[in-house]
Amino acid sequence: MRAVLMTGVLATALVLAPVVRADPAEQPDRPLTAFDTADPAIGNLDPALRTAVQNATTAAAAQGISVTVNSGWRSPQFQRQLLEDAIVTYGSFAAARQYVQLPEQSRHVVGTAVDIGGPDAAQWMIANGPRFGLCQIYANETWHFELAADANGICPPLLPTAAG
Ligand SMILES: [Zn+2]
């Protein structure tokens, strides 16, 4: 039963967490990491968040876990495009809003959120991210992290979805 559940979670993550660049024309030949500051997806992140993800990435690598960044900063125009694409994918505005924020509300647009990738990276970050200040925010997005832990490394309660 546990194995079946895990497989379901992984399959969901693979379907719902596409690699998203700040500039869709950019298609580097390797995944971005938090150290790729020349890319606007990383370079335009809030510096405190970027440093936290860099530190977590280094700690994860020491344990054999590769943490990549599927999506960091996004322009408002690109966020709008993602929402329009999600409406097509999920069939309605309400369904799309379970996964994609309005440009005015997205933490990606203001550079204070990252979507991480890499095998086992989300599980590692959920377990270890809080000591770097990094928290999962939405129950249905295991890959989306923000700098939200308190001084004791405690994260706020999960919100059900991005729709709030
Ligand atoms: Zn996100």
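Refer to the structure printed above.
Residues numbered from 1 in each chain as written. Predicted model: local features only at pLDDT ≥ 70, side-chain atom pairs only at ≥ 80, totals over all residues.

A few words on the sheet that holds strand 3 (residues 134–136). One open sheet holds the four strands; their spatial order is 1-2-4-3, and the pairing between them is antiparallel. Two strands close off the open sheet at either side, each with one partner strand: strand 1 (68–71) and strand 3. For this sheet, the mean inter-axis angle between neighbouring strands, taken without regard to orientation, is 50°. Bridge count between strand 1 and strand 2 (residues 114–117): three bridges; the pairing is antiparallel. Residue pairing for strand 2: Thr68 is matched across the bridge by Gly117. Helix 6 (residues 121–128) contacts strand 1, strand 2, strand 3 and strand 4 (144–147) of the sheet and is inclined by roughly 125° relative to strand 2. (Pairing = 2+ DSSP bridges. Helix = DSSP H or I, 4+ residues; strand = E, 2+ residues; numbered from the N terminus. Axes fitted to C-alpha atoms, helices over the stretch in contact; angles between N-to-C directions. Contact = placed C-beta atoms within 7 Å.)

By size, the foremost hydrophobic cluster in this structure holds 26 residues, and its most contacted members are Ala56, Val114, Ile116, Met125 and Leu134. By residue number, the principal contributor to this core is helix 3 (residues 47–62), which donates five residues. Excluding residues that lie within four positions of it along the chain, Val114 makes contacts with Leu45, Leu49, Val53, Val69, Gly72 and Phe145. Residues Phe78, Ala96, Tyr99 and Val100 belong to the second largest nonpolar core, which totals six residues. (Core = buried A, V, L, I, M, F, W, Y, C linked by C-beta atoms within 7 Å. Buried ≥ 20, exposed ≤ 12 C-beta atoms within 10 Å, placed from the backbone.)

Remark: helix 3 packs on helix 6, axes separated minimally by 11 Å, with the N-to-C direction vectors making an angle of 110°. Here helix 3 lies roughly perpendicular to helix 6, going by the angle between them. Of the two elements, helix 3 crosses helix 6, and the hand of that crossing is right-handed. Here helix 3 contributes Ala56, Ala59 and Ala60 to the contact with helix 6, which in turn contributes Ala121, Trp124, Met125 and Asn128. Of the residues in the contact of helix 3 with helix 6, the class split is six nonpolar, one polar and no charged. (Parallel < 35°, antiparallel > 145°, perpendicular 65-115°, else oblique. Left-handed = near helix turned anticlockwise from the far one by under 90°. Nonpolar A, V, L, I, M, F, W, Y, C, P; charged D, E, K, R; others polar.)

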